[in-house]
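Each chain is listed here by its residues.
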Amino acid sequence: MLRVSFDFGYGNIKAVTNTGEKIVFPTASKLYVGKLDQDTSTFDYIMNINEKLYAVGEFATVGDIVKRWSKEQQLNKTDLSVYLGTALYQLTQNIADYEIDVDISVGLPVDHYMSQKQELENNLKDLVIKANDKIFRIQKYIVSQQGVGAFLSLSLAVDAELKSNLDSELLEFGGGILDIGFRTVDYVKIDKKTKGFILSDTESGSFDNKGMIDAYQDCADKINSKFDSTFTALEIEEAIRDNKSNVIISRQKIDIRTYFDESCKKLADKLSNMISAKWKNINQFGAVYICGGGAAYLSPYLDLKGVSVKLQDDAIFSNCYGYLAKLALHS
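Residues numbered from 1 in each chain as written. Predicted model: local features only at pLDDT ≥ 70, side-chain atom pairs only at ≥ 80, totals over all residues. Heavy atoms only, no water.

## What about the packing of aromatic side chains?
All chains considered together, the criterion is met by 11 aromatic pairs. The interplanar angle of 40 degrees and the centroid separation of 6.3 Å between the aromatic rings of Phe6 and Phe8 together place this pair among those described as tilted. The pair Phe6 / Phe8 is uniform in exposure class, with both members buried. Here the aromatic rings of Tyr187 and Trp279 are separated by 6.3 Å at their centres, their planes lie at 75 degrees, and the arrangement is edge-to-face. With a gap of 92 residues between them, Tyr187 in strand S11 (residues 184-193) and Trp279 in the loop between helix H7 (257-278) and strand S16 (287-291) connect regions that are remote in the sequence. For the pair Tyr187 and Trp279, one class covers both residues: buried. (Phe/Tyr/Trp six-rings, centres within 6.5 Å; stacked < 30°, edge-to-face > 60°. Buried < 20%, exposed > 50% of the residue type's maximum accessible area, 1.4 Å probe, protein only. Helix = DSSP H or I, 4+ residues; strand = E, 2+ residues; numbered from the N terminus.)

## Regarding H7
The terminal C-alpha atoms of H7 lie 31 Å apart, and with 22 residues this matches the ideal 32 Å at 1.5 Å per residue to within 8%. The set of residues buried in H7 consists of Tyr259, Phe260, Ser263, Cys264, Leu267, Ala268, Leu271, Ser272, Ile275 and Ser276. (Expected span 1.5 Å × (residues − 1).)

## Regarding the confidence of the model for the protein chain
Of the residues in the protein chain, 93% have a pLDDT of 70 or more, and the chain-wide mean is 89. Mean pLDDT values for the elements of the protein chain range from 78 in strand S12 (residues 196-199) up to 98 in strand S8 (residues 128-131). (pLDDT = per-residue confidence, 0-100.)

## Observations regarding the pairing of strand S2 (residues 12-17)
Most of S2 is tucked away: five of the six residues are buried. Note that strand S1 (residues 2-8) and S2 share five bridges and pair antiparallel. By the bridge assignment, Ser5 is partnered in S2 with Val16. Linking S1 back to S2 in an antiparallel pair, the connection comprises three residues. The pairing of S2 with strand S3 (residues 22-26) spans five bridges and is antiparallel. When the bridges of S3 are listed, Ala15 appears paired with Ile23. In this structure, the hairpin formed by S2 and S3 is closed by a connection of four residues, where Gly20 is found at a positive phi of approximately 105 degrees. (Pairing = 2+ DSSP bridges.)

## A closer look at the nonpolar core
If you look at the biggest cluster of nonpolar residues, it comprises 51 residues, and the most contacted ones within it are Leu178, Met212, Ile236 and Ile256. Leu178 has contacts with Val185, Asp186, Tyr187, Ile275, Trp279, Val288, Tyr289, Ile290, Cys291, Leu302 and Leu304, leaving out every residue within four places of it along the chain. (Core = buried A, V, L, I, M, F, W, Y, C linked by side-chain atoms within 4.5 Å. Contact = heavy atoms within 4.5 Å.)

## What about the packing of helix H5 (residues 212-227) against helix H6 (residues 233-242)?
Relative to each other, H5 and H6 sit at 100 degrees, their axes nearing to 8 Å. When the axis of H5 is compared with that of H6, the two are roughly perpendicular. Of the residues in H6, those touching H5 at Ile213, Tyr216, Gln217, Cys219, Ala220 and Ile223 are Ala233, Ile236 and Glu237. Split by residue class, the contact of H5 with H6 holds seven nonpolar, one polar and one charged. (Axes fitted to C-alpha atoms, helices over the stretch in contact; angles between N-to-C directions. Parallel < 35°, antiparallel > 145°, perpendicular 65-115°, else oblique. Nonpolar A, V, L, I, M, F, W, Y, C, P; charged D, E, K, R; others polar.)

## What to know about the environment of Ser5
Structurally, Ser5 is set in strand S1. The buried category is assigned to Ser5, whose relative accessible area is 0%. When neighbours within four sequence positions are excluded, Ser5 is seen to be in contact with Lys14, Ala15, Val16, Ser105, Cys320, Tyr321, Tyr323 and Leu324. Here Cys320 takes part through its backbone oxygen, which lies 2.8 Å from a polar atom of the side chain of Ser5. (Polar contact = N/O pair within 3.5 Å; in protein donor to acceptor, adjacent residues only side chain to side chain.)

## So, the pairing of strand S9 (residues 134-145)
The pairing of strand S7 (residues 99-108) with S9 spans nine bridges and is parallel. Within S9, the residue paired with Ser105 across the bridge is Ile142. Alignment of S8 against S9, held across four bridges, turns out to be antiparallel. Bridge pairing links Lys130 to Ile135 in S9. Taking the residues that link successive antiparallel strands as the turn, the S8-S9 hairpin has two residues, and the phi of Asn132 there is positive, at about 55 degrees.

Shown next as structure tokens:
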């Protein structure tokens with residue numbers, strides 16, 4: 001049975017299969033009304049989902065200032081089918097079968113998890129998605145909140161086997177997970193108890209609009225002020241991600257990495273203060289692990305009262321690996 005995990009973020013969707021394929025694309029979609037032969041080589045996907053055409057991922061953000069999904073929006077059955085169908089289709093290109101049964105594990109931002117877990121489970125029940133020339137039938141499903149998957153991935157492989165290189169301090173004292181996404185930062189406190197670990201509901205949550213968009217916007221403001229330009233936060237994100245930190249201003253290539261690093265440090269300082277205020281006993285933690293799309297950018301600058309801050313392996317997909325392990329445990 002194919003098993004696939006999904007990490008639904010406000011900025012990007014990440015997905016990983018139990019056979020090692022993985023994908024990431026912006027959490028954005030809209031009905032597509034263009035020509036089928038349009039060149040999309042520099043964008044993401046045009047998908048036929050349940051007999052309707054959609055632009056999905058980067059292609060759906062063209063001309064937009066911000067990415068589409070936010071905490072105020074429901075993840076309805078149509079959107080769910082579009083995102084799941086797109087990822088499943090792209091991840092199964094090496095599978096010749098026309099109809100594919102799949103078990104899935106889905107992670108949501110903390111706010112959505114608290115308010116929409118039941119609705120999402122209802123939408124996943126008996127869900128069938130036609131994506132281009134394939135049909136996917138959801139068999140088993142599990143819904144979790146972001147951060148939990150990242151914690152599980154520290155101790156369990158995707159097949160739920162115990163890892164050999166466990167963090168002894170985290171196991172002894174507990175700790176925290178910081179999931180640094182595009183728009184939000186989820187923080188999850190893991191308390192060590194006599195019989196294992198529990199998630200602290202009172203000291204877990206989200207910082208809205210304190211994700212990487214804050215650094216991208218700050219960097220755009222710096223550059224626009226210096227060069228009298230009009231860059232947006234998304235254009236800075238694209239430059240950092242795809243263009244090796246270069247932008248074109250007055251026909252000259254400008255390296256913006258120094259400006260971006262300054263913005264990352266500024267954001268990391270703010271987050272360090274905010275999380276230290278939330279986690280009152282942080283000085284007793286064994287470690288704080290950071291994951292998500294912004295983890296690598298902010299990890300050099302986070303200062304959490306002397307507690308060891310560790311960047312998770314393959315940090316963008318850390319939640320996905322843990323969700324796969326959770327799915328394997330229930331198989």
